[in-house]
Amino acid sequence: MTPRLETIGLSLGYEGEVFARGIDLTLDPAEIVAVLGPSGSGKSTLLNTIAGVVPAMDGRVLVDGRDVTRTPIHRRGVGLIFQQPLLFPHLNVRDNVAYGLRRQGLGRDAARRQADELLSWVDLAGYGDRRFHELSGGQAQRVALARALAPRPSVLLLDEPFSALDLDLRQRLAADVADTLRQHGVAALHVTHDPGEAAAVADRVVALEDLFR
Amino acid sequence: MITPRWLPWVWLLPAGFLAAFLVYPLVNLTTTIAGGSGAAALGRLMSTGLWQVTALAALQATISTVLALVVGLPIANVVTRYRFRGRAVAQALVTVPFVLPTVVVALAFRTLLGSALPLGFALVVIAHAYVNLAVVVRIVGAQWSQLDPDLENVARTLGATRWRAFADITLPSLRPAVASSAAVVFVFSFTSLGIVLILGDALTRTLESQILRQTAVLLDFPGAAASALVQLLLVTGVLLLGAAAGRRNPARRMRPPARRPVSRDPWARLGVYGTVTIAYAIVLAPVLALVAASLRSSSGWTLAWWSSIGSVDAGTTRLGSPVAALGTSLGFALVTATVAGIVGGLAAVAVLAPGRVRLVSVLAMVPLGVSAATMGLGLLLAFGRPPTDLRGTNLLVPIAHALVAVPLVVAVVMPALRSADGRLALLASTLGARPTRAFLTAYGPVLRVVVVASAALAGAVSLGEFGAASFLTRAGAPTVPVQIVRLLGRPGEQSVGVAAALSVILVALTLALVLLVDRMGQSRARVPA
């Protein structure tokens, strides 16, 4: 069985300085893996390197068995969710979710219909016409989830997606997100500094320092 | 709030100044158009000549704006969003064209490109884009540096190419800033005078140059007043549109700019460093051409132009010596700095007063929308003939310059006052300070630095101002910019050489003043809040 995501001897660095070497990580289809590490330990750089936002210093990244190490971001099939929802401020909720579908060549109306469907999956049916500033933090993060899932990425990368939220909301949303990911059989790599959150969301938890060789 | 007893009355002086030297001349100007019957006034306003000039000027201003955006946007991107050595210097350098006197810029482009391009439309447009580069880089760059780069990355992970992500995500977020900077550039280019006079041809005119021609050559005051009115209305309209577009700003959270390092990709490096290099070349080439022109004659390098600057022979007797013009300009700059500092400073302090008095600070911004020629013509018509003839007093030019500079002073002083902590006044009065002492404890330190700095800025404005001065200078005592234009109106390479030397002096003085202001601003920033 081809893993969804595989990193082979991946080295991370920033501004030309390598700070982690030899990361081997495998994600099976529909598997959710949490990477646990304190803040500032390089979790975001790991995700940004897999997504292609930051170039890999060394090693390879494979998505569905395909080497994407030199593939530009938009053709990697990797979805990304940040700590902040980062909704496109000039688009309403529906068009935010439809954005990735449009880039796949779907017509405007079809993309919007599908976006509405995705919004109902994250319990936001009827929110399509709203703007970013009309949403609560939790709602905005669920829109970001629907938007990331819309183009059916092979792997979803989540970078501390709940840490900007209240504790109570964080736990509920973490459970919701894990459910949604399992329902859709999406493989996900979730980085967090919170062991409780890691345990609640993931099938498997690894410590970031164990990945570094 | 601790209110000294005089605070509710500080508006009186700025309001009086604006009423006498701005409102009255403008009202007077409007009645001059009527000059007789209403039908005559209507005829003047509907004349085809007037609207031809308007259409041509609008076309010229539109193309100038587009060019300024095309050149300015990549520079704004690199200078405000990336981190590299020399970034701050590059950003400061881009501001230089904006503070250079327009007459100097025009002469610089004449010496740089005059042999390649004929005088006319193209040269005017290029010079306008050059002057306004800073407007685009500053306004758009400020907004751009506020955008989270991850927003584009999200779009990329959703399948957008680099360009697609820029067009879909970044550009819409920049639209308000682009619109407001475009409005400002359009207005500057539409109301340009010095550049059009030196670089334009018979077809490349603005209403501003038309007003000067109608006043000085044709002696058609009602016609000039009609041109001024049309221009005033159009400019107000464009500025209002720009302000409305600028307010529609979706992401307005202020955060420290997130500058990213230049990626190691060779193409990305080429893009960033190439853009910076081009920016340097664009900004410096005209200035260097000017310096070279002041040192060259047809027979090679020479110091003749510099050494003839002090002698009366350099000009004809009618022109007077360049050094005398320098003295006149420095004197005017000093008076302008004093008047603008006092009037603008008081108008800004009025924001701290209770009630509607603070409206005077809004009124003080009005001169921004009134062009230099309109102001010059208005003052000339109002105070250039009996019973209120001020032409003999040498005061009209500094008054006009102070009007131009007051909005700048207010714009600098007001935010600084707002950022001062008013609770210090309260604290001082609990310690036994009388209201005035308490007020000065809270606001005095800020006021002292900021008012002096903005007065220096007003002085720099006065040194370079040409439009109003060209209406109000007396024949025997021209300011330096007026002298430069007169010299260029004469044949012979000596005129150009001396004009270039004068321009270099003006550049040095202006940059020194602006640098001083910048330093003062930085020293204020170091004072703990």
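What counts and what doesn't
All residue numbers refer to position in the chain's written sequence, counted from 1. Working convention: letters from A go to chains and numbers from 1 go to ligands, in the order in which they are written. Totals for whole chains, interfaces and linings use every residue, but because this is a predicted model, local features are given only for residues with pLDDT of at least 70 and side-chain atom pairs only at 80 or more, for both listing and counting. Remark: hydrogens and water are excluded; side-chain values derive from all non-hydrogen atoms of the structure. A pair of strands counts as paired when DSSP detects no fewer than two bridges linking them. Under the DSSP-based scheme used, a helix requires at least four consecutive residues in state H or I and a strand at least two consecutive residues in state E, with every element numbered from the N terminus. We call Phe, Tyr and Trp rings a pair once their centres come within 6.5 Å, taking the six-membered ring for Trp, and we label the pair stacked below 30 degrees between planes, edge-to-face above 60, and tilted otherwise. Relative accessible area decides the class of each residue, using a 1.4 Å probe on protein chains only: under 20% of the type maximum gives buried, over 50% gives exposed, and in between gives partly exposed. Charges are assigned to positions over rings by a cutoff of 6 Å between ring centre and Lys NZ or Arg CZ, combined with an angular limit of 35 degrees from the ring normal. In this description, a line fitted to the C-alpha atoms serves as the axis of each element, helices being fitted only across the stretch in contact, and the angle between N-to-C directions of two axes falls anywhere from 0 to 180 degrees. Two residues form a contact once any of their heavy atoms are found within 4.5 Å. In what follows, roughly perpendicular refers to angles from 65 to 115 degrees, roughly parallel to angles under 35, roughly antiparallel to angles over 145, and oblique to any angle outside these ranges. The handedness criterion is simple: a crossing whose near helix is rotated anticlockwise from the far helix by less than a right angle is left-handed, and one whose near helix is rotated clockwise is right-handed. Here the quantity called buried area is the total loss of accessible area, with a 1.4 Å probe, experienced by two parts when brought into contact, counted for both. We define a salt bridge as a contact between a side-chain nitrogen of Lys or Arg and a carboxyl oxygen of Asp or Glu at a distance within 4 Å. Under this definition, polar contacts are N or O atom pairs within 3.5 Å; protein pairs additionally need one hydrogen-donor-capable and one acceptor-capable atom, and for neighbouring residues in sequence, both atoms have to be side-chain atoms. The residue classification treats Ala, Val, Leu, Ile, Met, Phe, Trp, Tyr, Cys and Pro as nonpolar and Asp, Glu, Lys and Arg as charged. All others, Gly included, are polar. Side-chain atoms within 4.5 Å are what join buried Ala, Val, Leu, Ile, Met, Phe, Trp, Tyr and Cys residues into a set we call a nonpolar core. Patches draw on residues past 30% relative accessible area with no salt bridge. Two like charges within 9 Å are joined, as are two nonpolar side chains (Val, Leu, Ile, Met, Phe, Trp, Tyr) within 5 Å. Using a 1.4 Å probe, accessible areas were evaluated by the Shrake-Rupley method; residue-level cover was limited to the displayed protein chains.

Things to note about the sheet that holds strand E1 (residues 5-14) of chain A
Residue and element names in this part refer to chain A. Read across the open sheet, the four strands follow the order E2-E1-E4-E5; overall the sheet is antiparallel. In the strand order of this sheet, the two ends are held by strand E2 (17-27) and strand E5 (66-67), each with one partner. In the sheet, E1 pairs with strand E4 (residues 58-63) via five bridges, with the strands oriented antiparallel. Bridge pairing in E4 links glutamate 6 to leucine 62.

Digging into the packing of aromatic side chains
Scanning the model with the defined rule gives 12 aromatic pairs over all chains in all. Here phenylalanine 21 of chain B and phenylalanine 383 of chain B contribute two aromatic rings whose centre-to-centre distance is 5.3 Å and whose plane-to-plane angle is 50 degrees, an arrangement assigned as tilted. Of this pair, phenylalanine 21 of chain B sits in helix H1 (residues 12-34) while phenylalanine 383 of chain B sits in helix H16 (residues 372-383), and the two are 362 residues apart along the sequence. Taken as a pair, phenylalanine 21 of chain B and phenylalanine 383 of chain B share a single burial class, namely buried. An angle of 15 degrees between the planes, with centres 5.6 Å apart, marks the rings of phenylalanine 186 of chain B and phenylalanine 190 of chain B as stacked. Of this pair, phenylalanine 186 of chain B and phenylalanine 190 of chain B both sit in helix H8 (residues 162-190), separated by four residues, roughly a single helical turn. Across this residue pair, the class does not change: phenylalanine 186 of chain B and phenylalanine 190 of chain B are buried. Through pairs of rings, three or more aromatic residues link up here, namely Phe17, Phe21, Tyr24 and Phe383 of chain B. Here arginine 147 of chain A stacks its cationic end above the ring of phenylalanine 88 of chain A, 4.5 Å away from the centre of that ring.

Topic: the sheet that holds strand E7 (residues 155-159) of chain A
All names here are of chain A. Taking strand neighbours across the sheet as the criterion, the five strands line up as E6-E7-E8-E3-E9 in an open arrangement whose pairing is parallel. This sheet does not close on itself; its edge strands, each paired only once, are strand E6 (78-81) and strand E9 (204-207). For this sheet the average axis-to-axis angle between neighbouring strands, irrespective of direction, equals 20 degrees. By the bridge criterion, five bridges tie E7 to strand E8 (residues 187-192) in an arrangement that is parallel. Bridge pairing links valine 155 to alanine 187 in E8. Lying over the sheet, helix H1 (residues 43-51) contacts strand E3 (32-36), E6, E7 and E8, oriented at roughly 155 degrees with respect to E7. Sheet strands touched by helix H4 (residues 137-149): E6 and E7. Its angle to E6, the strand with the most contacts, is close to 175 degrees.

A short note on the packing of helix H3 (residues 48-81) of chain B against H8 of chain B
Residues and elements named next belong to chain B. Relative orientation of the contacting elements H3 and H8 amounts to 135 degrees, with a least axis distance of 8 Å. Here H8 runs oblique to H3, going by the angle between their axes. Once H3 is placed against H8, the crossing between them reads as right-handed. Contacts between H3 and H8 involve Thr54, Ala57, Ala58, Gln60, Ala61, Thr62, Ser64, Thr65, Ala68, Leu69 and Leu73 on the former and, on the latter, Val178, Ser181, Ala182, Val185, Phe186, Ser189 and Phe190.

Focus: the interface of chain A and chain B
The partner chain B presents 23 residues to the 23 residues of chain A that form the contact. Carbon and sulfur atoms make up 67% of the area that chain A and chain B hide from each other, which totals about 2100 Å². Of all residues in chain A, His74, Tyr99 and Arg103 of chain A bury the most surface against chain B, accounting for 27% of the area lost on that side. Where chain A packs against chain B, one counts one salt bridge. Arginine 103 of chain A is the partner of aspartate 168 of chain B in a salt bridge, and the nearest nitrogen-oxygen pair spans 3.1 Å. Where chain A meets chain B, there are four residue pairs in polar contact (both at pLDDT 80 or more). Elements supplying a minimum of two residues to the side of chain A that touches chain B: E6, helix H2 (93-103) and H4 of chain A. When its residues are assigned to classes, the side of chain A that touches chain B shows 15 nonpolar, five polar and three charged.

Details of the nonpolar core
Counting residues in each nonpolar core, the largest one holds 113 residues, and the members touching the most others are Leu199 and Ile484 of chain B. Looking at which element gives the most residues to this core, the answer is helix H17 (residues 396-419) of chain B, with 14 residues. Non-local contacts of leucine 199 of chain B, meaning those with residues more than four positions away in its chain, are made with Ala106, Phe109, Arg110, Leu119, Gly120, Leu123, Val124 and Ala127 of chain B. Within the second largest apolar cluster, 38 residues are counted, among which are Val63, Phe88, Val191 and Leu211 of chain A.

Quick word on a nonpolar patch on the surface
On the surface, Leu42, Met46, Trp51 and Leu234 of chain B cluster together into a nonpolar patch covering about 420 Å² of accessible area. For methionine 46 of chain B, a relative accessible area of 57% gives the class exposed.

Some words on the pairing of E4 of chain A
In summary, the side chains of a regular strand alternate between the two faces of the sheet. All names here are of chain A. Sheet analysis places E4 next to E5, joined by two bridges and oriented antiparallel. Counterpart to leucine 62 in the pairing with E5 is aspartate 67. Hairpin connection of E4 to E5: two residues between the antiparallel strands, including aspartate 64 at a positive phi of 55 degrees.

Scope: geometric values only; no functional claims are made or implied.
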